[in-house]
Structures are given as structure tokens and as C-alpha cells.
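Architecture and fold: a report
For reference, the chains in residue letters:
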Amino acid sequence: MNRHQDTEDQISPTKRSHHKDQEDGLRQVLQEMEALYEQNQSDVNEAKSEGRAKLIPSIKLRHCCLLRNQRCVTAYLYDRLLRIRALRWEYGSVLPANVRFHMCAEELQWFSQYKKSLASFMRSLGGNEGLDITQDMKPPKSLYIEVRCLKDHGEFEIDDGTVILLKKNSQHFLPRWKCEQLIRQGVLEHVVS
Amino acid sequence: MFIADIRKDFYEVVANQRVVLLVAPDIDALCACKILQALFHCDQIQYTLVPVTGWQELGTAFLEHKEQFRYFVLINCGANVDLLEMLQPDDDSIFFICDTHRPVDVVNVYNDTQIKLLIKQDDDLSVPSYDDIFRDEDEEGEDSGNESDEGSEPSGKRRRFDEGAVERRIERQRAKREWEARRREILFDYEQYEYHGTSAAMMFFELAWVLTKDTKDMLWWAIIGLTDQWVHDKITNMKYVTDIATMQRHVSRHNHRNEDEENSLSIDCMRISFEYDLRLTLYQHWSLYESIYNSCYTSCSFKLWTLNGQKKLQEFLADMGLPLKQVRQKFNSMDMSIKENLRDVIEESSNKYGMKDIRIQTFGVHFGFKNRFLASDMVHATAALLESAEKDDSETDNFIKALDALSRSNIDRLHSGIALAKKKLIAIQQTVASCICTNLILSQGPFLYCYLMEGTPDVKLFSKPMALTLLCKYLLKSLCSFTHGVLDVEKGTVIVVGIPPESETSDKKNFFGRAFEKAAESTSSRTLHDHFDTSIIELKTEDRSKFLDALITLLS
């Protein structure tokens with residue numbers, strides 16, 4: 001029978017550790033689609049040449065399967081794109097290496113094009129300087145916040161060149177915009193007193 | 001050098017700079033740190049906070065940050081040691097030291113450029129004057145210059161001049177030797193006793209007051225800092241009462257702000273009130289019976305490790321007319337009729353049993369409907385958190401937890417601290433009882449000595465300095481001069497704490513710091529003087545006996 005199971009597996013949440021499985025799964029689906037298409041092709045030729053109308057329902061069935069597989073695969077790829085777009089907002093314009101490892105070349109290209117269009121949009125706002133809308137996702141309460149370091153992160157440079165040593169359990173009082181990235185990554189924790 | 005105007009010479013100097021705060025692990029330092037942090041938040045002064053538990057960590061933290069930061073604020077560490085020699089800083093590093101440890105090292109007092117002491121100059125210091133300790137080296141140079149000039153004179157005169165010069169030189173050398181002997185004596189007198197000065201938290205609260213940025217939160221932290229000094233027996237009763245009076249003025253000033261308004265404060269706001277409350281530790285968060293049983297003062301007065309003592313306690317309760325059932329219940333669930341006059345009733349009865357000071361001046365806070373705390377409750381809870389002997393938590397984790405517990409928004413943490421403090425007090429009581437009953441206290445000449453073996457229950461709890469000190473003071477109440485050792489199994493070392501003799505008028509001066517140093521030197525025992533309190537050291541187990549022998553000979 002047609003292996004819908006493949007596509008079912010495919011649409012389940014893509015964990016980055018199942019990267020290899022996803023690739024294989026996708027390939028299997030594509031192979032299945034090819035196989036179905038071949039079968040359909042031969043049956044259509046047979047039906048046309050020999051006029052066996054009995055083959056029509058099975059052709060229709062395979063066609064429906066093909067269409068469904070196509071929908072599943074495109075849904076999966078689109079979902080990946082949406083996640084990649086969210087990565088830009090979470091990580092900034094440079095992606096960490098372990099994330100890039102899981103993206104294929106076309107996705108990386110898509111990402112850089114998205115980056116470019118976001119950047120040109122941001123430049124067009126706010127007069128001459130542009131406005132960085134990836135900062136301050138929630139309305140800020142103060143310019144500086146107190147943060148606590150949750151793990152050793154080494155040295156961290158702030159705007160005027162000073163380097164702060166982020167050691168575990170040290171607390172710092174820093175400008176908010178520099179800390180946001182690290183808070184999102186879980187290195188720093190905002191201390192509310 | 002001492003800072004005259006704390007606002008101009010400290011706050012405005014760091015106003016636009018980045019600062020490193022190096023904070024020692026005691027409650028007074030934590031409170032001072034919170035006050036300073038709140039001030040820095042107000043004025044957006046960027047800082048980095050690093051907890052340091054000993055001299056080594058202080059050195060490491062300094063090395064890590066010295067490239068990037070110029071200003072260092074040391075809280076409750078660094079005054080009693082020659083800081084410049086220990087850290088070897090560059091010329092542009094400036095240190096602001098707010099430390100309760102006395103005596104302040106003379107180099108720190110007389111250094112004009114790099115060390116600024118955030119200490120009041122009249123704070124019971126009796127620093128030797130400059131001329132007694134430091135002598136200009138120029139005089140030496142002049143002598144040799146004169147001599148070389150005289151060398152070019154003709155030979156006849158030269159001999160006469162030489163004799164004169166030689167005499168003068170001998171005279172100068174003799175004067176120099178006398179001066180040096182006197183200097184050594186002065187320094188020895190100055191440095192032989194270790195004691196504590198005004199609370200660091202109070203210093204910073206005063207800074208906040210001068211800047212008119214003081215809030216009730218800061219006032220409460222200052223009160224906790226002061227109470228910490230009293231709970232851990234670091235200041236005399238006189239000083240405590242004087243400082244309480246100072247704090248009382250601030251409290252009434254804050255309370256008067258809101259009295260005139262028709263609508264009084266919302267119930268969630270913080271109210272601080274002066275209380276002449278009982279000296280029973282944590283009694284409002286425990287049952288009255290447990291609190292009386294485990295508080296140092298009452299337990300020692302009744303001698304609760306003896307059967308006789310326990311009978312006396314029962315009599316005491318009966319005398320006050322408190323039924324046992326009530327007294328063993330949680331305090332909050334006691335009958336209102338009993339709770340109303342409790343303090344007066346207890347005071348009356350305790351006078352009969354020889355406990356004259358059952359009540360002590362202190363402050364309490366309450367906010368919300370449920371949350372009422374006395375300053376001493378906060379101190380015990382935070383101290384228990386700071387020194388909790390959990391395996392997974394490092395010391396800086398505990399520091400952070402204790403720091404959090406001081407904020408009003410972390411009541412859960414405070415309650416867990418109170419639970420830990422109860423356990424600690426019970427452990428102390430049991431250990432004291434067993435020590436006295438099994439005669440673990442040995443008389444070693446001029447002092448008494450007690451050694452806690454490996455298998456003693458709760459011994460891990462006592463491998464931390466503050467808990468150990470509390471235990472010793474507890475033991476000491478009925479005995480005299482004392483040292484105490486606890487085995488720390490992991491490192492094969494022993495932590496030794498020295499407590500000065502206990503008396504009514506004791507001025508809390510501790511000579512064990514210097515004594516330990518000298519004993520260690522003379523026997524070349526492997527010791528680690530890492531704690532900021534010089535009377536607490538770590539010692540290799542094998543060297544214990546020879547160290548003790550040296551100590552005995554030294555002190556007798």
C-alpha cells in the first residue's frame with residue numbers, strides 16, 4: 001500500500017537532532033512520489049492504447065496520493081522557512097555554527113536574502129539612521145538592567161570598548177540593549193529586585 | 001586615607017565610571033552591597049559585583065578585572081592588611097574600602113593616593129601617628145652626601161671632621177635603633193587585638209541619607225547589617241545600643257512622613273517599627289517552647305543540657321501560667337490572650353530566674369498581612385542560606401541565594417532560610433549538649449579546646465566559619481577563653497576558630513589572630529589564613545598537635 005506513514009513521520013516536529021532522519025524521510029517521500037508517478041504514467045499509456053477503463057480509478061487514486069505528498073512536503077519546507085525567519089529575530093544576523101549545520105544551501109541563501117530585505121526595511125525607517133526593530137521586543141522600563149551570569153561566558157565587549165568578564169554568579173549592571181541577546185541565549189539572567 | 005566627605009570623595013568620583021564591587025561573605029556586607037546597588041541603580045552607575053570568600057579569591061578577582069576597571073569598592077574586606085603589597089596594583093587603580101575589621105593597617109591609613117577608607121575617622125581607631133611609624137629616608141642620603149664632601153678636605157682637617165662625622169653617625173644609628181624599637185612596640189600594641197567597627201551597611205545608609213536617596217528598604221538593610229554584628233557578637237552592647245538609637249532616629253523620620261496624611265499607607269507597604277522584643281531566636285516563626293530551648297541565652301541560663309535545667313524550664317513555663325500545649329504550638333496559632341502580654345509576662349518571670357536581659361532593643365518590619373519579621377530573624381535566615389552545606393551549591397551560589405533573600409519580592413527564599421536556620425540552631429544546641437556532657441572540652445593551659453570528630457552529626461554544618469563561631473560562643477557562655485576545631489574531611493584540614501574570653505564588659509577584642517600567625521610561623525605548620533577574619537584559619541590535621549602546643553606556650 002502507499003506509504004503515507006512516510007509523510008506522517010515527516011510532518012511531526014522537526015527536532016534538529018533528527019536531521020539525518022528528516023533528510024532520509026524527505027528522500028523516501030520523493031522516491032515514493034516518483035514511483036507512483038511512474039506507475040501512473042505506465043497505466044495511463046496502457047489505458048490509452050488498450051482502452052482499459054478499469055485502470056482509471058487506480059490512476060485517480062495514485063494521483064490523489066501524489067497531490068497529498070506534494071502538499072505535505074511543501075508544508076514541511078514552508079514550516080522550516082518560518083523557523084529560519086524566526087532565527088533571525090532570535091539570534092541576530094550571525095547564526096551559530098550548530099544551527100547553520102542543519103540548514104541546506106538554499107535555505108542559507110534564503111536566510112541571507114531575508115536578512116538583506118529586513119536590513120533595508122530597517123534603514124528606511126526612522127529618518128537617516130534607520131531603526132533597529134529587533135531590539136526591545138517588549139517595552140523597556142529602564143536604560144540599564146541588572147543581570148546575573150548563569151554560566152562562564154568569557155569576555156564581553158560593550159559600546160565604549162570596555163570588556164566585562166562574565167563569570168558564573170557575578171552580577172553586572174549594564175545597558176539593556178547589550179544584554180538582550182545574551183539573555184535570550186540564556187547566558188545572563190535579568191535580576192528583578 | 002580616610003574620606004572626609006563621603007559624597008564628594010566617593011560617590012561623585014565614581015558617578016560616571018565603572019566600578020567593581022568585591023563583597024565579603026557576611027550579612028553586613030550583603031546588606032551594604034544591596035544598599036549600594038540600589039544607589040547605583042538610581043544613578044545608573046555601571047558596576048560588576050563579584051563575591052569573594054577569602055584573600056585568594058580577592059586576588060584572583062582583582063587580577064581578572066584590573067585591566068578594564070579603575071575603581072574597586074571592597075566591602076568588609078581589605079582594611080586590615082597591606083592591600084597594595086598584596087595586590088600589586090598599577091598606579092591608577094583606586095580602592096574604596098568599607099570594612100568593619102579593625103585595626104586598619106597603617107599603610108592603608110597613610111596612603112594618600114590609591115586607598116580611600118570609607119570609615120569615620122573617630123570610629124574608635126586610635127591609629128598611631130605618622131611620625132611614630134614612618135620615617136623619611138632622606139636623612140640617610142644627607143649623611144652620605146656630607147661625608148663625601150668632607151672627604152675632599154685636606155687630610156689634617158679631614159681626620160677631625162671624620163671623627164665628628166663618625167660620632168654623629170653613631171649617634172644617629174642609636175637614635176634610629178631606639179626609634180625602630182619604639183615603632184615595633186607601638187605597632188604590636190596597635191595590631192595585637194582584632195575587633196570590629198561600625199557596620200558597613202550603616203555607612204552606606206548614611207551615604208544614601210546624605211544624597212537624600214534613602215528609602216525604607218535601605219533603612220531595613222542597614223538595620224539588618226547592624227543586627228548581624230550583634231547576633232554574631234562582633235560589637236559591644238554599648239555600641240549596639242548607640243547605633244540602635246541612630247537607626248531609631250531614621251525610623252521615626254521615615255514613619256512621620258506618612259502620619260499626616262488622612263489615608264494611611266496601603267497594607268502592602270513596608271512598615272518598620274521599633275520593638276523592645278524578646279531575645280528568643282525566631283520565636284515568631286517557631287513554637288515558643290522550641291525557641292526557648294534552642295536560643296543561646298535561655299539555654300545557657302537554664303543549662304538545658306542537664307536534667308535539672310530542663311526541670312527549671314518546666315517550672316519557668318508553669319510560673320508564667322503558660323500551658324504546655326499552647327507553648328508547643330506554632331506561635332501564630334497560640335491563643336490571642338496569651339500572646340497579648342507575652343513579653344511582659346516573660347520578662348517578669350525571667351527576672352526571677354536570673355535572666356535580666358531577656359528583652360533587647362531591635363526593629364521589626366511588616367508588609368502585607370502575613371509577613372512580619374524581626375531583624376534578628378532576617379539575620380539568622382540569611383546566614384543559614386549563606387552557609388548552607390548543600391553539596392551541589394558552590395559558595396557563590398549560596399551568596400547569590402542569600403542576596404536574593406534580602407529582597408522583599410523573594411519571601412519564599414526567606415522562608416526556606418528560616419527553615420534552615422531552625423535546623424542549624426537545633427544542631428548547635430545538640431552539639432553543645434553532647435560536648436558538655438561527654439566532656440569533649442579539654443583544658444589546654446590558658447585556653448579551653450574542643451575538637452569535633454568526623455562522625456559527629458551535623459559536622460558538615462560546622463565546617464563553615466559563621467556557624468562554627470556561633471557554636472563556640474554558645475559553648476563559651478558558661479566557660480572562658482576558648483578555641484575550637486572542626487574537621488573538614490574532604491580537604492584533610494581543620495578549621496580553627498579562636499574566641500576571646502567572655503565577660504560582661506568585654507570589649508570584643510580578639511587576640512587569637514596574631515597568636516595563630518605566630519604559632520604557625522614558629523612551628524612551620526601548614527596553615528591557610530584565607531578568611532578575612534584573622535581569628536579563623538585552616539590547618540593541616542597532622543600539624544594540629546604541634547600547633548596547639550605552640551599556641552599554649554605563646555599565650556601563657
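Attention in this report is confined to the structure presented alongside it. This one's a predicted model, so the numbers in the text were calculated from it and none came from an experiment. (Residues numbered from 1 in each chain as written. Chains lettered and ligands numbered in written order. Predicted model: local features only at pLDDT ≥ 70, side-chain atom pairs only at ≥ 80, totals over all residues. Heavy atoms only, no water.)

As a further point, take the nonpolar core. Nonpolar side chains in soluble globular proteins tend to end up buried together. Residues F10(B), I75(B), F204(B) and W220(B) are the most contacted members of the largest nonpolar core, which totals 124 residues. Residue contacts for I75(B): discarding those within four places in its chain leaves L22(B), V23(B), A24(B), A29(B), A32(B), C33(B), L36(B), C98(B), A200(B) and F204(B). (Core = buried A, V, L, I, M, F, W, Y, C linked by side-chain atoms within 4.5 Å. Buried < 20%, exposed > 50% of the residue type's maximum accessible area, 1.4 Å probe, protein only. Contact = heavy atoms within 4.5 Å.)

A few words on the interface of chain A and chain B. Chain A puts 22 residues into the contact, and the matching count from chain B is 23 residues. Both sides together, the interface formed by chain A and chain B hides about 1,900 Å², and carbon and sulfur atoms give 48% of it. Contact with chain B buries area across many residues of chain A, yet N169(A), Q171(A) and F173(A) alone supply 34% of it, more than any other trio. D397(B) is the salt-bridge partner of K168(A), the closest N and O atoms lying 4.0 Å from each other. Where chain A meets chain B, there are 12 residue pairs in polar contact (both at pLDDT 80 or more). Looking at the side of chain A that touches chain B residue by residue, the class counts come to 10 nonpolar, seven polar and five charged. Strand direction decides the pairing type here: strand β4 (residues 171–175) of chain A and strand β2 (residues 47–51) of chain B, joined by two bridges, are antiparallel. Bridging from a neighbouring strand, H172(A) pairs with T48(B) of β2(B). (Buried area = accessible area lost by both parts, 1.4 Å probe. Salt bridge = Lys/Arg side-chain N within 4 Å of Asp/Glu carboxyl O. Polar contact = N/O pair within 3.5 Å; in protein donor to acceptor, adjacent residues only side chain to side chain. Nonpolar A, V, L, I, M, F, W, Y, C, P; charged D, E, K, R; others polar. Pairing = 2+ DSSP bridges. Helix = DSSP H or I, 4+ residues; strand = E, 2+ residues; numbered from the N terminus.)

Before going further, it helps to examine the pattern of salt bridges. Residues and elements named next belong to chain B. Following the criterion strictly, the structure yields 21 salt bridges over all chains and no others. The closest approach of N and O atoms between R343 and E275, which form a salt bridge, is 3.0 Å. Of this pair, R343 sits in helix α17 (residues 342–352) while E275 sits in strand β8 (residues 271–278); the two residues are 68 residues apart in sequence, bridging distant segments of the chain. Residue R343 is classed as partly exposed on the basis of its relative accessible area of 25%. Look at the salt bridges and you will find they share partners, linking E275, D277, R343 and R372 into a network.

Residue and element names in this part refer to chain B. Relative to each other, helix α10 (residues 216–231) and helix α11 (residues 237–256) sit at 170 degrees, their axes nearing to 11 Å. Here α11 runs roughly antiparallel to α10, going by the angle between their axes. Handedness of the crossing formed by α10 with α11: left-handed. For the pair α10 and α11, the contacting residues are K216, L219, A222, I223, L226 and W230 in the first and N237, Y240, D243, I244, M247, H250, V251, H254 and N255 in the second. Residue composition of the contact of α10 with α11, by class: nine nonpolar, four polar and two charged. (Axes fitted to C-alpha atoms, helices over the stretch in contact; angles between N-to-C directions. Parallel < 35°, antiparallel > 145°, perpendicular 65-115°, else oblique. Left-handed = near helix turned anticlockwise from the far one by under 90°.)

What describes two packed helices is the angle between their axes and the distance between those same axes. Residues and elements named next belong to chain B. At their nearest, the axes of helix α18 (residues 375–386) and helix α20 (residues 411–437) sit 7 Å apart, and the two run at 85 degrees to each other. The angle between α18 and α20 falls in the class roughly perpendicular. Across the interface between the two elements, M378, H380, A381, A383, A384 and L385 of α18 pack against R413, L414, S416, G417, I418, L420, A421 and K424 of α20. Tallied by class, the residues present in the contact of α18 with α20 amount to nine nonpolar, three polar and two charged.

It is worth spelling out the side chain of S376(B) at this point. The topology assignment puts S376(B) in helix α18. Leaving out residues up to four positions away in the same chain, S376(B) has contacts with T227(B) and V231(B).

This paragraph deals with the sheet that holds strand β4 (residues 94–98) of chain B. Spatial ordering of the open sheet is given by β5(A)-β1(A)-β4(A)-β2(B)-β1(B)-β3(B)-β4(B)-β6(B), a layout of eight strands whose pairing is mixed. At either end of the open sheet lies a strand with only one pairing partner, and these are β5 (188–190) of chain A together with β6 (115–117) of chain B. Going from strand to strand, the sheet's axes swing by 25 degrees on average, the running direction of each strand aside. Summarising the sheet, strand β1 (residues 19–23) of chain B and strand β3 (residues 71–75) of chain B pair through five bridges and their orientation is parallel. Bridge pairing in β3(B) places V19(B) opposite Y71(B).

So, about helix α2 (residues 27–43) of chain B. Because an α-helix packs 3.6 residues into every turn, residues spaced three or four apart end up facing the same way. Residue and element names in this part refer to chain B. With 17 residues, α2 should cover 24 Å at 1.5 Å per step; its first-to-last C-alpha distance of 25 Å lies within 8% of that length. Two or three places before D28, at the opening of α2, D26 has a side-chain oxygen 3.2 Å from that residue's backbone nitrogen. The first or second residue beyond α2 is Q44, which carries a positive phi of 55 degrees. (Expected span 1.5 Å × (residues − 1).)

A surface patch of negative charge is lined by E67(B), D90(B), D91(B) and D92(B). Looking at the secondary structure, you find E67(B) in the loop between α3 (55–65) and β3. (Patch = residues over 30% accessible without salt bridge, like charges linked within 9 Å, V, L, I, M, F, W, Y side chains within 5 Å. Areas by Shrake-Rupley, 256 points an atom, 1.4 Å probe, with all protein chains shown as cover. Lys, Arg positive; Asp, Glu negative; His and termini not counted. Charge placed at Lys NZ, Arg CZ, Asp CG, Glu CD.)

The two faces of a sheet get side chains in turn, since along a regular strand they alternate between them. All names here are of chain B. Burial analysis of β1 places five of its five residues in the buried class, which makes it a mostly covered element. The alternating pattern of β1 places V19, L21 and V23 and V20 and L22 on opposite faces, both of which are buried. Note: β1 against β2, five bridges, orientation parallel. The residue of β2 that forms the bridge with V20 is T48. The β-α-β motif built from β1, the intervening α2 and the parallel element β2 has right-handed crossover chirality. (Right-handed = clockwise from strand over helix to strand, strands pointing away.)

The next point concerns the packing of aromatic side chains. Summed over all chains, the structure comprises 19 aromatic pairs over all chains. Seen from their ring centres, F62(B) and F95(B) are 5.5 Å apart, and the 40 degrees between their planes marks the pair as tilted. Residue F62(B) is located in helix α3, and its partner F95(B) is located in strand β4; the two are separated by 33 residues in the primary sequence. Residue class for F95(B) comes out buried when judged on its relative accessible area of 1%. Their ring planes at 70 degrees and their centres at 5.9 Å tell us that F302(B) and Y353(B) sit as a pair that is edge-to-face. Taken together, the residues span a long stretch of sequence, with F302(B) in helix α13 (residues 296–302) and Y353(B) in the loop between α17 and β9 (359–367) at a distance of 51 residues. Looking at F302(B), the relative accessible area reads 3%, which means it is buried. Joined through ring pairs, the aromatic side chains of Y144(A), F173(A), Y11(B), F40(B) and Y47(B) make up one cluster. (Phe/Tyr/Trp six-rings, centres within 6.5 Å; stacked < 30°, edge-to-face > 60°.)

Residue and element names in this part refer to chain B. Spatial strand order, β8-β9-β10: three strands in an open sheet with antiparallel pairing. One side of each edge strand has no neighbouring strand; the edge strands of this open sheet are β8 and β10 (371–374). Within the sheet, the average angular offset between the axes of one strand and its neighbour, ignoring direction, is 30 degrees. When β9 meets β10, the two strands line up antiparallel, connected through four bridges. Across the sheet, F367 pairs through a bridge with N371, a residue of β10. Helix-sheet contacts for α17 involve β8 and β9, and the interaxial angle to β8 is about 30 degrees. Each of β9 and β10 touches α18; the most contacted strand, β10, lies at about 85 degrees to it.

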